[in-house]
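# Geometric and topological summary
Now for the letters of each chain:
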2 protein chains.
Amino acid sequence: MSEHLDLEGWSCPMPLRDHPQVVMGHGGGGALSADLVEHLLLPAYGDDGGVLAQLGDAAVLGINGGRIAMSTDSFVVRPRFFPGGNVGDLAVNGTVNDVAMTGARPLHLAVGMVLEEGLQLAELDVISRTMGRAARRAGVGIVTGDTKVVDSGHGDGVYITTTGIGVIDPGVDLGPHRVRPGDAVIVSGPVALHGIAVMSVREGLEFGSQIETDCAPLNGLVAALLASGTDVHMLRDPTRGGVAATLNEIAKSSRTGVSIEERAVPVPDAVRAACGFLGLDPLYVANEGKLVAFVAPEHAELALATMHAHEFGVGAVRIGTVVEEHPGVVVARTGIGGTRVVDLPLAEQLPRIC
Amino acid sequence: MSEHLDLEGWSCPMPLRDHPQVVMGHGGGGALSADLVEHLLLPAYGDDGGVLAQLGDAAVLGINGGRIAMSTDSFVVRPRFFPGGNVGDLAVNGTVNDVAMTGARPLHLAVGMVLEEGLQLAELDVISRTMGRAARRAGVGIVTGDTKVVDSGHGDGVYITTTGIGVIDPGVDLGPHRVRPGDAVIVSGPVALHGIAVMSVREGLEFGSQIETDCAPLNGLVAALLASGTDVHMLRDPTRGGVAATLNEIAKSSRTGVSIEERAVPVPDAVRAACGFLGLDPLYVANEGKLVAFVAPEHAELALATMHAHEFGVGAVRIGTVVEEHPGVVVARTGIGGTRVVDLPLAEQLPRIC
């Protein structure tokens, strides 16, 4: 069908090259997702201005003499309701956070819904009210939308695509170009809660105490960090692919190495137990209310103190440092004193968690 | 599940009130769609600023001291390829046009894709390249995106949600508040092509000559109209629900009446024949490359001349006039001299045409 598609250079396993088709991993935020973007979507869209090729979770654009950030995300989480939230607050917070990670103040959201015929209107009502509440909590307005319906058997209740825009104030400049060896790497709280919360209800698992999603809007925390005077170099929310995928992307895009202390990464006991049971590495499990901050070394304490004073940063800890060695590679010092390379996963270990 | 949902005041047929669930018509752009927005989504989102309640196809927002328009649309057309186009150019042009109808210059697009496991990568490549070409043709950049994958049997190949933003230049002021009795109502060319093109391939129909979609970017035509000095009061692209739904929406939101000459509405012979065969009224069939313009009466000729000079307006004709009588109601003078009310359809006659 296409004369252009050349699978040379893709990470995909060999069988895929003979019968190239979309697999779950192409949406998983790992190496397969990166393949799809780099080898198919980018050449197809024909990015000329270089904005798309930045491959951030949001684009930074000049508008009316200032800068805005724009980000879009489609949410297909399964099931739609899980401990601590549903697809509605996920769709609002996920995009609010992607916009906020550029240092922007998120202002407006657009909502596109694809509904499956037969969805209960009462359920749609609950999801939509959750979105309204989440938007108010984050201080953004839902300003426009579109709703389509597909035949029963061609959807999964509701898919929600949210697009957010926000204003980047003068002087704010975050991104991989600002990451330097010596930077402190900080995570804003315990990891892997969202992925495990979704997985537990999907698989009908019980882990003693119920594990809830960490889904939350992070724009207030970002604003507090910027207002504190902390020299923040880069922010990113570790969603699909978890902290491991996020650190890998930053190491590659900033051409620096990242070294973390595995024991320093905060993992709640119940999450660690669930990960052990499921055979998952918490570093690779998705979060929906956490950020990873790269800050100037002399501001690490200020950043931590600022985060600890905020409701969504009370559990913040420093987990590592940017190094000159091994650019593009993330290395973890393990509990027993060894080191291991923390790779970009091929795909999310848990598909459809967001 | 929801204590809030009250079906009093909905247009939906009685059986739905007992077992309220999503039906195809809720995505059809007619009265059922309006119900969903007015009675469920608006109260749920809790619009406070009044932006969402404008219910236009795009929101007008203040950003950095100027104005921008923002619009989002999800595309679920079935089949994905049809005479003259595919879901890719539809997704680009549909959103470019919604932004342009505010008088804005569309600049940036965000693309969210929900892919179904098993989709051929070669087909995704063709669709994505079509999007890239359509974006270049419209002069917009695809600046950010997101891709999710759902299990086989939970999608339909590819659903695309595009969100566009554009800048509204100072002095440009379009909208229902500017529509006045006496305004000329102009359509930019022959109607009902898109809906019939999609329907013909879906139903395996042959109408002698192949009918192709009219899918096209209209931002250039809008720019030409504004540059011509025409006093344009309002623009809208008659997509789902066709010219009939668009005129009804404008009549209601502007609290004026609209009177059209049915014989003046340009319908190609092949389209009229297909509509007759399928039992469809061309006034209700979707377009993807046409606009309806409301212009000051003394500028009707200037508007027509300007449109005739543009590749996407060569077939422009005046089809009617805004009247003081019957506010909120659209009336057509029929070929035999009678009149009929042109109602808002309950739903699109052809589901999933965009």
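Residues numbered from 1 in each chain as written. Chains lettered and ligands numbered in written order. Predicted model: local features only at pLDDT ≥ 70, side-chain atom pairs only at ≥ 80, totals over all residues.

## Observations concerning the domain arrangement of chain A
Residue and element names in this part refer to chain A. Splitting chain A by domain gives domain 1 (6–55), domain 2 (57–168) and domain 3 (176–341). For domain 2 versus domain 3, the distance between C-alpha centres works out to 23 Å. Contact with domain 2, which involves 21 residues of that partner, is made by 23 residues of domain 3. Looking at the side of domain 2 that touches domain 3, the elements with two or more residues in it are helix H3 (87–100), strand E5 (105–116) and helix H4 (121–138). Counting residues per element, the side of domain 2 that touches domain 3 draws most heavily on H3, at 8 residues. (Domains from an automatic or database assignment. Contact = placed C-beta atoms within 7 Å. Helix = DSSP H or I, 4+ residues; strand = E, 2+ residues; numbered from the N terminus.)

## As for the relation of the copies chain A and chain B
One copy of the chain maps onto the second through a rotation about an axis and a displacement along it. Between chain A and chain B, which share one sequence, the superposing operator has a rotation angle of 180° and an axial displacement of 0.0 Å; the RMSD is 0.0 Å. The transformation just described matches what one would write down for a two-fold rotation axis. Here 100% of the contact residues of chain A are again contact residues in chain B; the copies associate through an equivalent surface. (Least-squares fit on C-alpha atoms with pLDDT ≥ 70 in both.)

## Things to note about the sheet that holds strand E5 (residues 105–116) of chain B
All names here are of chain B. Strand order in the open sheet made by the 5 strands is E1-E2-E7-E5-E6, with mixed pairing throughout. Each end of this open sheet is capped by a strand with a single partner; those strands are strand E1 (59–63) and strand E6 (141–150). The average undirected angle you get between the axes of adjacent strands in this sheet is 20°. (Pairing = 2+ DSSP bridges. Axes fitted to C-alpha atoms, helices over the stretch in contact; angles between N-to-C directions.)

## Some thoughts on the pairing of E5(B)
Residues and elements named next belong to chain B. Extensive coverage of E5 is indicated by the burial of 10 of its 12 residues. Pairing of E5 with strand E7 (residues 158–168) involves 10 bridges; the strand directions are antiparallel. The residue bridging Val111 from the neighbouring strand is Thr162, located in E7. The β-α-β motif built from E5, the intervening helix H4 (residues 121–138) and the parallel element E6 has right-handed crossover chirality. (Buried ≥ 20, exposed ≤ 12 C-beta atoms within 10 Å, placed from the backbone. Right-handed = clockwise from strand over helix to strand, strands pointing away.)

## Quick notes on the interface of chain A and chain B
Counting from both sides, the interface comprises 79 residues of chain A and, opposite them, 79 residues of chain B. Among the secondary structure elements, those contributing two or more residues to the side of chain A that touches chain B are helix H2 (31–45), strand E1 (59–63), strand E2 (66–75), E5, H4, strand E6 (141–150) and strand E7 (158–168) of chain A. Here the element with the most residues in the side of chain A that touches chain B is H4(A); it accounts for 12 residues. Classifying every residue of the side of chain A that touches chain B gives 39 nonpolar, 29 polar and 11 charged. (Nonpolar A, V, L, I, M, F, W, Y, C, P; charged D, E, K, R; others polar.)

## Topic: the environment of A:Val150
Along the chain, the position of A:Val150 falls in strand E6. C-alpha of A:Val150 to C-alpha of A:Leu115: the two residues are 35 residues apart in sequence and 6.2 Å apart in space.

## Some remarks on helix H5 (residues 193–202) of chain B
Counting buried positions over the 10 residues of H5(B) gives 8, a clear majority of the element. Taken together, the buried positions of H5(B) are B:Leu193, B:His194, B:Gly195, B:Ile196, B:Ala197, B:Val198, B:Met199 and B:Ser200.

## Some words on the sheet that holds strand E14 (residues 339–341) of chain A
Residues and elements named next belong to chain A. Spatially, 7 strands are ordered E9-E11-E8-E12-E10-E13-E14 in an open sheet, and the strand pairing comes out mixed. Of all strands in the sheet, those bounded by a partner on one side alone are strand E9 (232–236) and E14. Across the sheet, the mean angle separating the axes of adjacent strands is 25° when strand polarity is ignored.

## Let's talk about the packing of H3(A) against H4(A)
Residues and elements named next belong to chain A. Two elements in contact, H3 and H4, have axes separated by 7 Å at closest approach and are oriented at 30°. Overall, the two elements H3 and H4 adopt an arrangement that is roughly parallel. Classified by chirality, the crossing of H4 by H3 is right-handed. Of H4, the residues touching H3 (which contributes Val87, Gly88, Asp89, Ala91, Val92, Asn93 and Val96) are Ile127, Ser128, Thr130, Met131, Ala134, Ala135 and Ala138. In terms of residue class, the contact of H3 with H4 is built from 9 nonpolar, 4 polar and 1 charged. (Parallel < 35°, antiparallel > 145°, perpendicular 65-115°, else oblique. Left-handed = near helix turned anticlockwise from the far one by under 90°.)

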